[in-house]
Amino acid sequence: MGHKYVYQFSEGNGKMRELLGGKGANLAEMTNLGMPVPQGFTVTTEACTRYYEDGRAIAPEIQDEILEYMSKLEGITGKKFGDASDPLLVSVRSGARASMPGMMDTILNLGLNDTVVVGLAEFTNNPRFAYDSYRRFIQMFSDVVMELSKKRFEEIIDEVKAKKGVKQDIELDTDDMKELVRLFKDFYKREKGVDFPQEPKVQLMEAVKAVFRSWDNPRANVYRRMNEIPYDWGTAVNVQSMVFGNSGSSSGTGVAFTRNPATGEKALFGEYLINAQGEDVVAGVRTPSPISKLHEEMPEVYDQFAQIADRLEKHYKDMQDMEFTIENGKLYMLQTRNGKRTAAAALKVAVDLVDEGMIDEKEAVLRVEPKQLDSLLHPQFDAAALKKAAVVGKGLAASPGAACGKVVFTAEEAKEWHERGEKVILVRLETSPEDIEGMQVAEGILTVRGGMTSHAAVVARGMGTCCVSGCGDIVVDYADKQFTLAGRTYHEGEFISLDGSTGNIYGEAIPTVPADVSSGDFGRFMGWADKYRQLMVYTNADTPRDAAQGRAFGAQGIGLCRTEHMFFEESRIKAMREMIVADNTEDRKKALAKIMPYQQGDFEGIYEAMEGCPVVIRFLDPPLHEFLPTKEEDIAEIAGEMGITVEKLHNVIASLHEFNPMMGHRGCRLAVSYPEIAEMQTTAVINAALNVQARHPDWNMVPEIMIPLVGEVKELKYVKDVVVATADKLIAAAGSSMKYEVGTMIEIPRAALTADEIATEAQFFSFGTNDLTQMTFGFSRDDAGKFLSYYYDKKIYESDPFAHLDQKGVGKLVDMAAKLGRATRPDIHLGICGEHGGDPSSVEFCHKVGLDYVSCSPYRVPIARLAAAQAAIKEPRA
């Protein structure tokens, strides 16, 4: 006997998910529990992998094995496949080990053909049922396996109903069903050039191939990339003998949950239809009845179902989502799985199951997807209003939350409108750093260009603002202050709504309701997460507002305070430009002296908000040209303001032009060229800390100064010496004994490779994984999106390295730098402050390599707290 590719339900069990897929494993488990499951078999995920290895073909030995199991199934059911007198019909469903939306739809009633349908009609004494089942099979097989238009079948049904003058499918009789079969087969032949396949074995093999094929469809690939499901898992195929919910008034079909999937409330929740097949419930053609009504219509069936539901929930120790069919008064279970649920329901179910003694706290913490928490931290649309609203366009779901406001097209207008008390949505082709003030006041941001890691997306996620990016269907007209989408023009001041969790755009105002984080379940659940995690969670914050938000979400410090954002504000940018234009140290120092008090004020505000928790402040990082104007009219205006000629300003701008600013004159390279910048920033940090310490004697202020973009220990030493000389003088003058630390960001591969040397000067490392990823891959973060899609299609990369930390390459540098740094300086603090700090799988990696903390934007803090707890529960550190 060769390798086994097929298992009967009775041969498997619930632990065999990798081989049988989730659905197959659960069907086997229910069979073992003695529940009424229509019998069948599962073709394994290994057969799917073989299908692709064999050039998208099912090997002859696997085909033989499938047919051998088909005859075993004939033995179990006492019916024969393709036999007219008592036919065996089957359903074919896909089933990967993780539930995957977008995989192949179900095919029911497979095995019917022109002769079998006559036998079925006689055997059941119900010809309408037989022809109804046949027309459904032709419809599903054509749509799902042969990829013909689903819509055309619906149109044919509507034409037959119109001709007869009826509204409901249920009003069509046997002759109408026969007519539909004929029309469907004609349409099939016109489209395909061949007759609808009559041989049941051919139908079966084509269906199995279609399931395998669907593993590689575009929807499935995108979903896998987002959820990090490896391509090589493959999908299984479940072939199950049919039971018929459409065989009369004591038959039916339904879907039910053991608890309410929206709220988590403990009560059977679901619906069913009498005299219908599975897809009728889902398709919404007829309105189903609530499950409670089954209690009146079929009390025995209801009681049996309620008992099975309860048993399944206790067996799996989780809320179940079940499909069932009733055939002539007899109940059958078609599948069960852990039910998909909203974030609020997930928390309630986890907490309730602990209170009911079904699971412990650690198990509860593992039950909630960290990413799901996101939706609880942002405003949501009013559910009833959202149902009525029409989606007018779709972009990328770049930053979650619900936003409703009036359209404006520039950051300045956003600010003006906001100051008048208007709610606005900022619509831009793309955003850049000078739009930041407009982005801060907007309810939501909508861009035409840019991906999930574009400026708009990253900044919006950091601020917790809803953002939909990359909606290429929008045509923006800045001059006339309007944009067009789906044939309609929206003018400045008109309402639109955005859903940052789905990417949907609505051309109307939809009311929103604010998020509630402090309530019972959320608080209790996060308390458990904090109890078990070993990583600390800090936040990235550049303003007192962000710092306070991060604290409210449970941050234990600030792991990255970027100082450049503070220079873009109107009051400071002028002095910053004077500093850049200056051609001698004296003038530069004069300009910097104007900025110093503002910087100090910013730092005091942040220190106050953090109440004595650690704050890591990163010195100036971007290249200087980012502070200068680019548009001709702005250049003339600013030259006038500064009292220099337009030509001189043009020359400065030209001299700062770089071919690759990412790798240009930025970070510590600025402080090496102009040490007065580091002097001014150190003065601001130390003075702020001294003032706050004086106001709060019980706080232990230890400012942490982070030098960015270091690649060589001597470079760090040069800048650190400037910092130390300035800081020591100030602290001595204040008569204080305050301690401070100087560390660096590890974001250049050379720094990771020489981390043992760098640690002789650095008291802490923070891994800047955004830049480290760019430089390790040699990808420009802003341009990679243009070509990475080809890499995903060709399966070279399976996920976006800017969204999920590349553990093999970049991760090896992080691990190596952590080990080298600790070898030199055992008490060095290690953290990470890139976008990856809020990505659950990257947090798990940071736990494993032994970092002390992760730092992420305020709205990712709860997600990182939960991900850190899950990592610690799965693999505790010594």
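Heads up: the structure comes first, above all this text.
These remarks concern the structure in this document. In this convention, every chain numbers its residues from 1, walking through the sequence in written order. For a predicted model such as this one, the threshold for reporting local features is a pLDDT of at least 70, and the threshold for listing and counting side-chain atom pairs is 80 or more; totals across whole chains, interfaces and linings nevertheless cover every residue. With hydrogens and water excluded, all non-hydrogen atoms of the structure serve as input to the side-chain values.

**Section: the overall build of the chain**
By definition, any uninterrupted DSSP run of H or I lasting at least four residues is a helix, any uninterrupted run of E lasting at least two residues is a strand, and each is numbered from the N terminus. The helix and strand tally for the chain stands at 35 helices and 33 strands. Here the globule rule reads 2.2 Å times residues to the power 0.38, and the radius of gyration is calculated from C-alpha atoms. Since a compact globule built from 878 residues should have a radius of gyration of about 29 Å, the 32 Å found for the chain is in line with a globular shape. Considering only C-alpha atoms, the chain reaches an extent of 100 × 65 × 50 Å along its principal axes. For the exposure calls, accessible area comes from a 1.4 Å probe over protein chains only, and a residue counts as buried if that area is under 20% of its type's maximum, exposed if over 50%, partly exposed in between. Put simply, the chain has 878 residues, and 56% of those count as buried. We call two residues in contact whenever any of their non-hydrogen atoms come within 4.5 Å of each other. Long-range pairs, those at least 24 residues apart, make up 68% of the contacts in the chain between residues at least 6 apart in sequence. In this count, Lys and Arg are taken as positive residues and Asp and Glu as negative ones, while His and the chain termini are left out. All charge positions are set by atom: Lys at NZ, Arg at CZ, Asp at CG, Glu at CD. A gap of 3 Å separates the mean positions of the 99 positive and 129 negative side-chain charges of the chain.

**Some remarks on the packing of helix H34 (residues 840–848) against helix H35 (residues 861–874)**
Axes, fitted as lines to C-alpha atoms, cover a helix only where it is in contact. Angles between the N-to-C directions of the axes lie from 0 to 180 degrees. Their axes nearest at 8 Å, the elements H34 and H35 cross at an angle of 50 degrees. By the criterion of interaxial angle, the relationship of H34 to H35 is oblique. When you trace H34 past H35, the crossing you get is right-handed. For the pair formed by H34 and H35, the contact residues are Pro840, Val843, Glu844 and His847 on the first element and Ile863, Ala864, Ala867, Ala868, Ala871, Ala872 and Lys874 on the second. Any residue outside Ala, Val, Leu, Ile, Met, Phe, Trp, Tyr, Cys, Pro, Asp, Glu, Lys and Arg is labelled polar, Gly included; the first ten of those are nonpolar and the last four are charged. Per-class residue counts for the contact of H34 with H35 are eight nonpolar, one polar and two charged. Relative orientations are named as follows: roughly parallel for angles under 35 degrees, roughly antiparallel for angles over 145 degrees, roughly perpendicular for angles from 65 to 115 degrees, and oblique for any other angle. Throughout, a crossing is termed right-handed when the near helix is turned clockwise from the far one, and left-handed when it is turned anticlockwise from it by less than a right angle.

**Some words on the nonpolar core**
Counting residues in hydrophobic clusters, the biggest one holds 126 residues, and the most contacted among them are Tyr607 and Ile707. With 10 residues, helix H27 (residues 675–695) is the largest single contributor of residues to this core. With residues up to four places along the chain from it excluded, the contact list for tyrosine 607 reads Gly612, Val615, Ile617, Val685, Ala688, Ala689, Val692, Trp699, Met701 and Pro703. Val6, Leu120, Ala121 and Val211 belong to the second-largest nonpolar core, a separate cluster that totals 72 residues. As used here, the term nonpolar core means buried Ala, Val, Leu, Ile, Met, Phe, Trp, Tyr and Cys residues forming a set that is joined through side-chain atoms within 4.5 Å.

**Structural notes on the side chain of threonine 769**
Of note, threonine 769 is situated in helix H31 (residues 769–777). The exposure class of threonine 769 is buried, given its relative accessible area of 0%. Polar contact is defined as a pair of N or O atoms within 3.5 Å, subject to the rule that within protein one atom must be able to donate a hydrogen and the other to accept it, and that residues adjacent in sequence are counted only when both atoms are side-chain atoms. Polar side-chain contacts of threonine 769 include one of 2.8 Å to the side chain of histidine 836. Excluding residues within four positions of it along the chain, threonine 769 makes contact with Leu805, Ile832, Gly834 and His836.

**Side note on the environment of phenylalanine 525**
Looking at where phenylalanine 525 falls in the secondary structure, it is placed in helix H20 (residues 520–532). As for phenylalanine 525 and glutamate 361, which are separated by 164 residues in sequence, their C-alpha atoms are 8.5 Å apart. Look past the residues within four positions of phenylalanine 525 in its chain and what remains in contact with it is Leu347, Ala350, Val351, Ala364, Val365, Val368 and Leu866.

**Thoughts on the sheet that holds strand S11 (residues 320–327)**
Strands sit in the order S10-S9-S8-S11-S12 across an open sheet of five strands; the sheet is antiparallel. Looking at the sheet topology across the chains shown, the edges are occupied by strand S10 (289–290) and strand S12 (330–338). Pairing between strands is defined by DSSP: at least two bridges between them are needed. Pairing geometry for strand S8 (residues 252–257) and S11, over six bridges, is antiparallel. Pairing of alanine 256 across the sheet is with methionine 322, part of S11. Together, S8, S11 and S12 form the strand contacts of helix H12 (residues 299–316), whose direction differs from that of S12 by roughly 25 degrees.

**Let's talk about the sheet that holds strand S22 (residues 488–491)**
Spatial strand order, S20-S21-S22: three strands in an open sheet with antiparallel pairing. What marks the edges here is a single partner per strand, and that holds for strand S20 (475–477) and S22. Here the strands of the sheet are splayed against their neighbours by 20 degrees on average, with no regard to which way each runs.

**Here's the deal with the environment of glutamine 63**
Secondary-structure assignment places glutamine 63 in helix H3 (residues 60–77). Residues glutamine 63 and proline 288, 225 residues apart in the sequence, show an inter-C-alpha distance of 39 Å.

**Here's the deal with the packing of aromatic side chains**
Each pair of aromatic rings taken from Phe, Tyr and Trp, with Trp reduced to its six-membered ring, is defined by centres within 6.5 Å and is described as stacked if the planes are under 30 degrees apart, edge-to-face if over 60, and tilted in the remaining cases. Under the defined criterion, the tally for this structure stands at 27 aromatic pairs. Here tyrosine 51 and tyrosine 52 contribute two aromatic rings whose centre-to-centre distance is 5.1 Å and whose plane-to-plane angle is 80 degrees, an arrangement assigned as edge-to-face. Assigned by exposure class, tyrosine 51 and tyrosine 52 land together as buried. Ring geometry for tyrosine 51 and phenylalanine 212: centres 5.4 Å apart, planes at 45 degrees, overall tilted. Here the residue tyrosine 51 occupies a position in helix H2 (residues 45–53), and phenylalanine 212 occupies one in helix H8 (residues 200–214), the gap between them amounting to 161 residues. Comparing tyrosine 51 with phenylalanine 212 shows no difference in burial state: the two are buried. Working rule: Lys NZ or Arg CZ, within 6 Å of ring centre, within 35 degrees of ring normal, means a charge sits over the ring. Between the NZ or CZ atom of lysine 72 and the centre of the ring of tyrosine 69, over which it lies, the distance is 4.2 Å.

**A word on the environment of glutamine 335**
Mapped onto the elements, glutamine 335 comes out in strand S12. Look at glutamine 335 and you get buried, because its relative accessible area is 6%. Taking C-alpha positions, glutamine 335 is 8.7 Å from glycine 24, a pair spaced 311 residues apart along the chain. Discounting residues that sit within four places of it in the chain, glutamine 335 has contacts with Lys23, Leu27, Met30, Asp321, Met322 and Glu323. A distance of 2.9 Å separates a polar atom in the side chain of glutamine 335 from a polar atom in the side chain of glutamate 323.

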